[in-house]
Amino acid sequence: QVQLVESGGGSVQAGGSLRLSCAASGYTSGYTYSRNCMGWFRQAPGKEREGVAIINSDHTISYSDSVKGRFTISQDIAKNTLHLQMNNLKPEDTAMYYCAAAGWYISRACLKDDFRYWGQGTQVTVSS
């Protein structure tokens, strides 16, 4: 089974930056990492979990409108590691951030329900 281990969360002041990392392991035949949707989601108290940035199976990238121009998602295929560079952070970015993986190839842009494997979450807090 795919396992995801996150790191990089913390507390910063508005305008600051954080870099989140997610190490993936446990892929077997039929679960090709380089062709698997991976992404970052976040959930604030009292709100629904929302997609922040997603790398689809064809390596196209989808960003939430609220983070475009500020966040950058990337992956190191050789190390099976996903990253989220977050710049110019705002208080409204405060949330628990989750790394997620679909686990297999999906022939379209991935949606939230496509993601079967989730990390434990890492807290990001942005103070004004």
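Residues numbered from 1 in each chain as written. Predicted model: local features only at pLDDT ≥ 70, side-chain atom pairs only at ≥ 80, totals over all residues. Heavy atoms only, no water.

Quick word on the pattern of salt bridges
Tallied over the full model, the rule gives five salt bridges. Several salt bridges converge on common partners, so that one network encompasses Arg42, Glu50, Arg70 and Asp93. (Salt bridge = Lys/Arg side-chain N within 4 Å of Asp/Glu carboxyl O.)

Things to note about the state of the cysteines
The final tally for this structure, using the stated rule, is two disulfides. Residue Cys22 pairs covalently with Cys99 via a disulfide, S to S 2.1 Å. A torsion of -75 degrees about the S-S bond marks the disulfide between Cys22 and Cys99 as left-handed. Placement of the pair is Cys22 in strand 3 (residues 18-25) and Cys99 in strand 9 (residues 95-101), with a sequence separation of 77 residues. Overall, the relative accessible area of 0% leaves Cys99 in the buried class. The partner cysteine of Cys37 in its disulfide is Cys110, sulfur to sulfur 1.8 Å. The chirality of the disulfide connecting Cys37 with Cys110 is right-handed, given an S-S dihedral of about 85 degrees. Here Cys110 lies in the loop between strand 9 and strand 10 (117-118) and Cys37 lies in the loop between strand 3 and strand 4 (38-43), a separation of 73 residues in the sequence. (Disulfide = S-S within 2.5 Å. Helix = DSSP H or I, 4+ residues; strand = E, 2+ residues; numbered from the N terminus. Buried < 20%, exposed > 50% of the residue type's maximum accessible area, 1.4 Å probe, protein only.)

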